[in-house]
Amino acid sequence: MSFLRPRNLLATALLLALAAAGVVAALPFLVSTDLIRARLIQEISNWTGYSVESRQTPQITFFPAFTASLGDITIRNPWQSEGAPFMQAERIEVDLSLLSALLGKTEFTETKIVRPRFVIDEPIKSLSEIGEALSRSDGRIGDVVREARAAVEANPAKPDMSTVSSQPFGRVRLEDAMVTFKRPINGAEEQISSISGVFDWPQTSGVASFQGKAIWHGEETEIDSSATRALLLLAGGTSPLQVNISSTPLTLSFNGSANISKDQFFEGTLSLTSPSLRRTLEWSRMATIPGAPIGSFALDASVSGSATRMKLDGLTATLNDNPAKGVIEIVLDQGTPSVTGTLAFDTLDIHSVFAGFMPLPDGSTESDAVIDSGFLKQLNLDLRVSTQVATIGTINLSKVAATAQIRNGRAMFDIGEATAFDGSVAASFQLADEGDGATTGELRLNGTDVNSASIAALMGFGSRFQLGKGTMSLVLKGPISRWSSALANAKGTLSMRFGSGQIRSLDFNSLLSKAKTDRFFSLNEKTDAWLAFDRFEVKANIMDGVAALDTAQIVTKSGTLSFAGIVTLIGKSLALTGDFAAEGAAAATETAGGTAEAARPQVTANHTRFFIGGSWDNPFISPIISQ
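Keep in mind the model is a prediction, meaning the values are calculated, not measured. (Residues numbered from 1 in each chain as written. Predicted model: local features only at pLDDT ≥ 70, side-chain atom pairs only at ≥ 80, totals over all residues. Heavy atoms only, no water.)

1. Some points on unusual backbone geometry
Here's step 1: Notably, His217 is not glycine yet its phi reads approximately 55°, a positive angle.
Here's step 2: In this fold, His217 is placed in the loop between β9 (208-216) and β10 (219-227).
Here's step 3: The backbone phi angle of Asn408 is positive, close to 55°, even though this residue is not glycine.
Here's step 4: Checked against the element boundaries, Asn408 lands in the loop between β19 (395-407) and β20 (410-420). (Helix = DSSP H or I, 4+ residues; strand = E, 2+ residues; numbered from the N terminus.)

Next comes the structure, spelled out in structure tokens:
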């Protein structure tokens, strides 16, 4: 054929190239920028239900893709005449269909919003308001939202969405966005910055998803979320929802359903892990907790609730390597976060867990730091704990029932019942904010049928006391700013009463002999002898770190050893006088008339008095010579 000749082919190609060049050159004249500007504003308004303003002419680009860029965008709630607009953006870029534009239509395939600044009340409430605004707007999105709302109103439990039409929505990219919102708890302003990601919603009847990154409170956070029935969610219904959040302080995963209407709620399964619970709470700014850092934290539970109340049921958690099961409820609508619940542990390090909720001494250099009592007004806590085996420092406990409470400026850690020291104990520790920066601490410890050897070791007397069961009570109260100075400011009482036992490495006969003759000698001399006693009793008043003995006796078969004086609780110094009254034989007495009366026992006593000085762990004796 003649048109297939090389000369004709070249001419045809040249004509096609000239025609294409002519079309390209004519495109700016064929496509109306005013029409694109108007359609851009209209489409954005249809998406959001809000009014849209732009004072700039669109910039049209044809290569490598047909795009339009509209600068200085403001989106405002149509019934909000004052205050900051919902969004202000540096520019919005859209990918358009060239064929549709030539036919006088505007169809978006992808939208990019550059440096938008969103101002909202709070995220969930604002999503609900956007759904409300969409239902009042004109256009395709407004139509389908109204249809979906009608289906929800007809049958809230199971709306029929088969009658609701489906419209294309598209893809929206955010670049360097910022969201400013108010916390529902206390109205404090928050910011989420450097948001970059993709919101993808191909059809309004299908799945909507968002994947991206943001910076919140200085930590980069990755977000991956999707709503299976996003249109139903915006219309006030319930949709399946998945949310995954990953950051250095916290990794969280939620899989369930949610409703963002005025009766908002959610339910599903929740899983989260944190390398430090304290770091997570500080990062989220729910509360600031003093004391030693709480270590790793992991949680899995069935969760239900709303934006201000959440219940964790069937909970399994691990805190500082202490596994537990129970139920926790968190309330955020009272200005101060509130946590209540019960936890059952198999084994529990009490200090490592409860030091996370209130400052407890740990024997480290931090014990000299000022105790931060600000947490007393930042968190309400009512946590009930049980465990079969527990430790607190060097003390071993079993069958423990304990509570930790923080409320109205007061924190209390209470062990209502536990087995310890071969007996049963109850203990409580309280911190109270007295105002003007003053804090009061109170410690109570009661023991029944406890072993004197264990108590003596706890109080620093070593292992010389053996056997002996009895009762004890300790009450200390006073201003407290540092653990290192707590005893120096404390006032209270101490009482102990134990039955038969022994004091090891004590030759009592040698002590009495030396107390009459030697100038002074140490009680730490090695000996295999020991002192057996029938009763050991101490009562003391404590003030400013000094215990003044009111009653102190060791009753033996050969007599009674009594003490008087003071003991310093900080330096462990002793300043005591001792008196041993040896029991004598019974004698007969006569009446004044000389006639013998029936023999009546009369006890005579041989007293040995001495002074005890030095310290608890190295006492010495010196005699007291009577006149």
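2. Remarks on the environment of Val370
Here's step 1: Relative to the helices and strands, Val370 is located in the loop between α8 (350-354) and β18 (380-392).
Here's step 2: Each C-alpha atom of the pair Val370 and Ser481 lies 5.6 Å from the other, and the pair is 111 residues apart in sequence.
Here's step 3: Not counting chain neighbours up to four residues away, the residues in contact with Val370 comprise Ser481 and Arg482. (Contact = heavy atoms within 4.5 Å.)

3. As for the side chain of Glu219
Here's step 1: In this structure, Glu219 sits in strand β10.
Here's step 2: Overall, Glu219 belongs to the buried group, its relative accessible area being 18%.
Here's step 3: Apart from the residues within four sequence positions on either side, Glu219 is in contact with Ala214, Thr248, Pro249, Arg279 and Trp283. (Buried < 20%, exposed > 50% of the residue type's maximum accessible area, 1.4 Å probe, protein only.)

4. Some words on the pattern of salt bridges
Here's step 1: Within this structure, the stated rule accounts for 18 salt bridges.
Here's step 2: Of the charged contacts in the structure, one is a salt bridge between Arg91 and Glu93, with a shortest N-O distance of 2.6 Å.
Here's step 3: Note on Arg91: relative accessible area 24%, which makes it partly exposed.
Here's step 4: When its relative accessible area of 22% is taken as the criterion, Glu93 is described as partly exposed.
Here's step 5: Notably, a salt bridge pairs Glu93 with Lys112, separated by 3.5 Å at the nearest N-O pair. One end of the pair, Glu93, is in strand β4 (residues 87-96); the other, Lys112, is in strand β5 (residues 108-114), with 19 residues separating them in the sequence.
Here's step 6: Looking at Lys112, the relative accessible area reads 24%, which means it is partly exposed.
Here's step 7: Ionic contacts of the salt-bridge type, sharing partners, join the residues Glu90, Arg91, Glu93, Lys112, Arg115, Glu175 and Asp176 into one network. (Salt bridge = Lys/Arg side-chain N within 4 Å of Asp/Glu carboxyl O.)

5. Section: the environment of Ala426
Here's step 1: Tracing the sequence through the fold places Ala426 in strand β21 (residues 423-435).
Here's step 2: Residue classification places Ala426 among the partly exposed residues on the basis of a relative accessible area of 27%.
Here's step 3: Separated by 12 residues in sequence, Ala426 and Asp414 have C-alpha atoms that sit 7.8 Å apart.
Here's step 4: Setting aside residues no more than four positions away along its own chain, Ala426 makes contact with Ile415, Gly416, Arg444, Leu445 and Asn446.

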